[in-house]
Structures are given as structure tokens and as C-alpha cells.
Amino acid sequence: MSALLETRALTAYYGDFQALFGIDAEVCEGERVALIGANGAGKSTFLRAIAGLGRSAPDAILFDGTAIGAKAPPEIAALGIALVPEGRRLFASLSVEENLSTGTFNGRKGPWTIDRVYELFPVLGEKRRASPSALSGGQQQMVAIGRALMANPRLLMCDEVSLGLAPAVVKDVYAALRRACDADGVSVVIVEQDIDLACEMSQRAYCFTHGSVSLSGESAALTRDAISAAYFGV
Amino acid sequence: MNWVDTIVQGTLLGGLYALFAMGLAVIYGVMRQINIAHGDFIVLGAYMSLGLIAATGLHPFLVIPLGAAVFALFGYALQRGLLNRTLGGGILAPLVVTYGLAIVVENVLQQTQSADARSIKLPGLDTASLPLGGGLAVGVFPLIMFVVAAAVAILLEIVFNRTRLGVAFRAVSDDREIASIVGVRDQRLFGYASAISFAVIAVASVFMGIKFTFTPSLGPNFLLYAFEAIVIGGMGSFYGTLAGGVILGIAQAIGFALNPGWGILAGHLVFLAVLLVRPTGLFARTA
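Residues numbered from 1 in each chain as written. Chains lettered and ligands numbered in written order. Predicted model: local features only at pLDDT ≥ 70, side-chain atom pairs only at ≥ 80, totals over all residues. Heavy atoms only, no water.

## Some details on the packing of aromatic side chains
In this description, an aromatic ring pair is defined by two values, namely the gap between the centres and the angle between the planes.
All names here are of chain B.
Next, step 1: Inspection of the entire model under this criterion finds 16 aromatic pairs over all chains.
Next, step 2: A ring pair is formed by Phe41 and Phe74, whose centres lie 5.8 Å apart and whose planes are at 65°; its orientation type is edge-to-face. Residue Phe41 is located in helix α2 (residues 38-56), and its partner Phe74 is located in helix α3 (residues 60-81); the two are separated by 33 residues in the primary sequence.
Next, step 3: Residue Phe41 is classed as buried on the basis of its relative accessible area, which comes to 2%. (Phe/Tyr/Trp six-rings, centres within 6.5 Å; stacked < 30°, edge-to-face > 60°. Helix = DSSP H or I, 4+ residues; strand = E, 2+ residues; numbered from the N terminus. Buried < 20%, exposed > 50% of the residue type's maximum accessible area, 1.4 Å probe, protein only.)

## Comments concerning the side chain of Asn106 of chain A
Next, step 1: Relative to the helices and strands, Asn106 of chain A resides in the loop between α3 (96-101) and α4 (114-120).
Next, step 2: Within the structure, Asn106 of chain A has its side chain in polar contact with the backbone nitrogen of Arg108 of chain A (distance 3.2 Å). (Polar contact = N/O pair within 3.5 Å; in protein donor to acceptor, adjacent residues only side chain to side chain.)

## Looking at the interface of chain A and chain B
Next, step 1: Counting from both sides, the interface comprises 23 residues of chain A and, opposite them, 17 residues of chain B.
Next, step 2: Between chain A and chain B lies a buried interface of about 1,800 Å² when both sides are counted; carbon and sulfur atoms form 60% of it.
Next, step 3: When the buried surface of chain A facing chain B is broken down by residue, Pro74, Phe91 and Phe105 of chain A rank first, second and third, together holding 34% of it.
Next, step 4: For the interface between chain A and chain B, the tally reads 4 salt bridges.
Next, step 5: The partner of Arg170 of chain B in a salt bridge is Glu98 of chain A, with the nearest N and O atoms 2.7 Å apart.
Next, step 6: For the pair chain A and chain B, the interface holds 9 residue pairs in polar contact (both at pLDDT 80 or more).
Next, step 7: Among the secondary structure elements, those contributing two or more residues to the side of chain A that touches chain B are α1 (43-51), α2 (73-79) and α3 of chain A.
Next, step 8: Here the side of chain A that touches chain B gets 5 residues from one element, more than from any other, and that element is α2 of chain A. (Contact = heavy atoms within 4.5 Å. Buried area = accessible area lost by both parts, 1.4 Å probe. Salt bridge = Lys/Arg side-chain N within 4 Å of Asp/Glu carboxyl O.)

## Description of unusual backbone geometry
Next, step 1: Even without a glycine there, the phi angle at Glu160 of chain A is positive, about 50°.
Next, step 2: Along the chain, Glu160 of chain A turns up in the loop between β7 (155-159) and α7 (167-184).
Next, step 3: For Glu160 of chain A, a relative accessible area of 6% corresponds to the buried category.
Next, step 4: Here the phi dihedral of Arg32 of chain B falls at roughly 50°; this positive angle occurs in a residue that is not glycine.
Next, step 5: Mapped onto the fold, Arg32 of chain B is located in the loop between α1 (3-31) and α2.
Next, step 6: With relative accessibility at 43%, the residue Arg32 of chain B sits in the partly exposed group.

## Details of the sheet that holds strand β10 (residues 212-218) of chain A
Residues and elements named next belong to chain A.
Next, step 1: Within the open sheet, the 6 strands sit side by side as β6-β7-β8-β3-β9-β10. Their pairing is mixed. Edge positions in the open sheet fall to β6 (81-84) and β10, since each of these has one partner strand only. When strand polarity is set aside, the average angle formed by the axes of neighbouring strands in this sheet is 15°.
Next, step 2: The pairing of strand β3 (residues 32-37) with strand β9 (residues 204-209) spans 5 bridges and is parallel. Residue pairing in the sheet places Ile36 in a bridge with Cys207 of β9. (Pairing = 2+ DSSP bridges. Axes fitted to C-alpha atoms, helices over the stretch in contact; angles between N-to-C directions.)

## Topic: the packing of α1 of chain B against helix α10 (residues 238-258) of chain B
All names here are of chain B.
Next, step 1: At their nearest, the axes of α1 and α10 sit 5 Å apart, and the two run at 135° to each other. Considering their axes alone, α1 and α10 lie oblique with respect to each other. Considering only the axes of α1 and α10, their crossing is right-handed. (Parallel < 35°, antiparallel > 145°, perpendicular 65-115°, else oblique. Left-handed = near helix turned anticlockwise from the far one by under 90°.)

## Focus on the packing of helix α9 (residues 219-233) of chain B against helix α11 (residues 263-277) of chain B
Residue and element names in this part refer to chain B.
Next, step 1: Two elements in contact, α9 and α11, have axes separated by 9 Å at closest approach and are oriented at 35°. Like other packed secondary-structure pairs, α9 and α11 cross with a definite hand, here left-handed. Every residue of α11 that contacts α9 at Leu224, Tyr225, Glu228, Val231 and Ile232 is listed here: Ile264, Gly267, His268, Val270, Phe271, Val274 and Leu275.
Next, step 2: Counted by class, the contact of α9 with α11 contains 9 nonpolar, 2 polar and 1 charged residues. (Nonpolar A, V, L, I, M, F, W, Y, C, P; charged D, E, K, R; others polar.)

## Some points on the environment of His268 of chain B
Next, step 1: Of note, His268 of chain B is situated in helix α11.
Next, step 2: Residues His268 of chain B and Glu228 of chain B, spaced 40 residues apart in sequence, show a C-alpha to C-alpha distance of 7.7 Å.

## Quick notes on the environment of Ser44 of chain A
All names here are of chain A.
Next, step 1: As for its position among the elements, Ser44 is in helix α1.
Next, step 2: Taking the relative accessible area as the measure of exposure, Ser44 reaches 18% and is therefore buried.
Next, step 3: Separated by 30 residues in the primary sequence, Ser44 and Tyr14 place their C-alpha atoms 9.7 Å from one another.
Next, step 4: Excluding residues within four positions of it along the chain, Ser44 makes contact with Glu86 and Asp159.

## A few points about the confidence of the model for chain B
Next, step 1: In this model, chain B carries an average pLDDT of 94, and 99% of its residues clear a pLDDT of 70 or more.
Next, step 2: Two numbers describe this predicted complex: its pTM, 0.94, and its ipTM, 0.94. (pLDDT = per-residue confidence, 0-100.)

## Comments concerning the pattern of salt bridges
Close approach of charged atoms allows side chains of opposite charge to pair.
Next, step 1: Summed over the entire model, instances satisfying the criterion amount to 13 salt bridges over all chains.
Next, step 2: A salt bridge links Arg89 of chain A to Asp175 of chain B; the shortest N-O distance between them is 2.8 Å. Taken together, the residues Arg89 of chain A in the loop between β6 and α3 and Asp175 of chain B in the loop between α6 (164-174) and α7 (176-181) connect one chain to another.
Next, step 3: The class for Arg89 of chain A is partly exposed, based on a relative accessible area of 29%.
Next, step 4: Looking at Asp175 of chain B, the relative accessible area reads 14%, which means it is buried.
Next, step 5: Here Arg224 of chain A makes a salt bridge to Asp196 of chain A, at a shortest N to O gap of 2.7 Å. One end of the pair, Arg224 of chain A, is in helix α9 (residues 224-231); the other, Asp196 of chain A, is in helix α8 (residues 195-201), with 28 residues separating them in the sequence.
Next, step 6: Residue Arg224 of chain A is classed as exposed on the basis of its relative accessible area of 54%.

## Points about the sheet that holds strand β2 (residues 17-28) of chain A
Whether parallel or antiparallel, the strands of a sheet pair through hydrogen bonds between backbone atoms.
Residue and element names in this part refer to chain A.
Next, step 1: In space, the 4 strands of this open sheet follow the order β2-β1-β4-β5, with antiparallel pairing throughout. Unpaired on one side and paired on the other, β2 and β5 (66-67) mark the two borders of the sheet.
Next, step 2: Strand direction decides the pairing type here: strand β1 (residues 3-14) and β2, joined by 9 bridges, are antiparallel. Bridge pairing links Ala12 to Leu20 in β2.
Next, step 3: Across the face of the sheet, α1 comes into contact with β1, β2 and β4 (61-63) while running at roughly 115° to β1.

Shown next as C-alpha cells:
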């Protein structure tokens, strides 16, 4: 399999503070990759850098062989990279349906339509006219995922989808996400606090510690001991 | 004082204030930018319309669409070329730059047009009126002015609430960063918002030029009326802005009816009262 996304010695800053110290990582076509690691390890900063929200060296990020490190966020979105941001970040003055429709602003054609999102998350269809503030946390997360899917991404990046959700809801949301991405061969990067869930959802995993990769490998082959050793940098 | 007459006249005058305000509300609503030169561009538009009418003999109402098109292009270019560069670095830069523009526009007009008061003539309609019965009559021109203001409010509501462009405007206003990662090109979008704002300025400027006699130094007054209408009405709805303009117009009309010196003051007092009692405005949709 060839790499769809590849980072080479990617560095990034969180404000004035250096958050990433040379990350080499890759995500193959159709692959699901998990990023795990303690708070502040640089996982979110990594996703933000790929989405174009950081200032990166032009060739530190390659997408489908093209250097995208210096591109602006809308250009990256147009190439088919979508982010489900930490904390959902829905547009507060837009209805559920309008929020979903913003996913199409990148102009990519593909299999995703509003109706298909409603098929995936039927509850959103019932609330299409509602304001996001009237939704439960799980439903808001569905809107955030739906918005990203509407972009017809080749690479979907999910930042702490489980944050603040009930365990049963987390399971449903991840199951739906997996169905959605497997159907179209979309590559997925998952940032997740729950290590078991992250390993179950992914084929490979990277463990971030203090802005560097401390462990990587097949998710199924990673032992708990190896992960906790990597987690705490001992 | 005839109350009904005063309120009707004030309502119609409020249409003009709403036209002043809606252009400002578009820019503030989308990019949280305040254009201090807003009133001066209204005055500039009136002088340009006057010149165009003198040169071509066109009817003032035919100048409106022409002026709106020219001003829309100008607004787009100004935003992309200058005002976008002031964004993202706090509130001060856009204020200072547009304040500078206000000074430039006013002084260029003083220099080229002199400080004499001017006015746009409206052949035939200046004095025409419609009798409403009971001794009441409304001027045809103020009525047209109000209808146009209401039409602009409806049009802007449709653009903002029923179109993809409107979804993008509101998305950028809510969260500029996330809007950029879903693919909204905000610099270009701000250009469109400015184009709409300047088109409304052009419409407002012709009606202002017919309704008032104007001089190059009136810009700050119009900016103030625009602000007051927005604050009274509340952000987030152009119907609220229209209502804010009408309330301001009625307050001024009642003030003028009581004493010719109290008109403008009465408007300011109502504005201050709203600011004290409901700082978010009477019809605010968003905080």
C-alpha cells in the first residue's frame, strides 16, 4: 500500500511553545491509524498542522505525493482532508442542516449527500432545523462527523470524538464512523484518549510523548505494557 | 402636534436611517469590522450621483442601480486590497484605517466640491403626495424611500438565511478557523460582504441626497445614525435594523415636532435609553 499522507520531520508550535519535534508518520490509502498519548503530547497540534492551521515547512507534509505544508486550510480541504475538531466546534448560528452543508464548501464531488448523512445518523434528520445548542453532546458530535463526511474526504481526521459522551453513545458513533469510512475506502486518523478503543478502531497506532513518536506499530500487536511505558516516557 | 402624522413621517424617515444602518450591519455581522468611513462613503456616493445626473441627465432613480454596481466593485476592491490586511490583529487596526479613510474622503470632497450645501433634485416627485384621508397625506418620495429600505432588508435576510453565500457569511462570523478548514476562502468572502455593504451605501446615498441638503462634513452624523439604528434594533436581523431605523426616525420626528431644536437630541436620547435598558437591542437574534 502506498502512503496517502506522509509527514517528514514535522515540527509545529502551539502558540510560542514548540509542540511537535520532528514527527515521521504515514497513513495509507483506506487505513485507520490511531494517535494516542497523554494530554499535551501534541496529537491535536499534529492534526491541526495537517489541516493547515499551523505554519509548517512546505515539504514536511505530503498528501498523495504533493507537498501541502505551506498550503492554506481551504486549499487543503479541497484536496480531500477533513477534520472533526476537538470540542466539535459547530457553527452556533447555523441549523443542523446548514452545519452539514458547510462540509461541501471545499467543492469536492463524491458519494456524500445530506440524505446519506441522515441515513447514517437518523436522529439528525429529525432535528435538521434545530440549532446545534438544542442537541445532546452525542448528536452534536454526529453533526461534526457529518460535516466532515459531507466534504467527501480521502482522509478523515477525528479529534477526541468520545470527549464528554456517554460510553454507549461513543460505541454507536464509532461504529457509524467505521461503516461510513469502510464503505468508501476513506483513510482515517483517530485521536482518542481511550487506548483500548483506539486500538480496536485502528490497524496501526502511533503513541506521542512530548511532541515525538515514542512507539508505533500494528494496533493488535501493541501490548499494554509497551503503551504505558511509551505513554509516560520511561 | 398631530401625533399620527408625526409618527408616519418619522417612520418613513426611519427607512433612510435603516438604509444607512444595513450596510454597516453587513460588515460588522460578517467580519466584526467597523467601518468608521461608512457615513463619508454615503456622502461620497451622493456627490458622485449628483455628478452623474448632471453629466447624463439620468433620472435619480436610474442612477441607483448604476451606483450600486460601481460601489459594489469598489467595496470589493477596497476590502481585498486594504481592509483585509487590517483584520486578525485586534480591533484597533480596522478602526484606525477606516478613520483615516473617513478623513481622506471628507477632505477630498471639501477640496473638490467646496463646502456649499448641495441636494439631488427629483423632478416631479419632490412635492407629490398621497392623501390618506382625515387631512393626512404622505409624500410619495418618502414612501418610495421606505419601501426600498424594506425591500433591501428583505433581500439581505434572504441572502443571509436562504443562500449558500449566507451560510458561509454566518459560518465565518461564528468561527473563522473552522470555516477555513471546511473550505471557506474568507478573504474573498469578506470582499463579497464589503461589496454588498457598499451597494447598500450607494442606494442610501441617493435617497439621502434627495431627502437632505448635504455638505462634505456630514459623514460622521450619518455614521452615528447608522450605529444608533443598529444598537436600537439589535444585531443579527436586518428586520431588527429596519425597526431600529424606524424607532430612531419616529423619535427624531417627535422631537422636531415639540421643538425644532430637539429632533436630533430626541433620537440620541432614545438610543441611550435602549443602551441602558436593553444593551443587546430590542430585536436581537444573536448575542
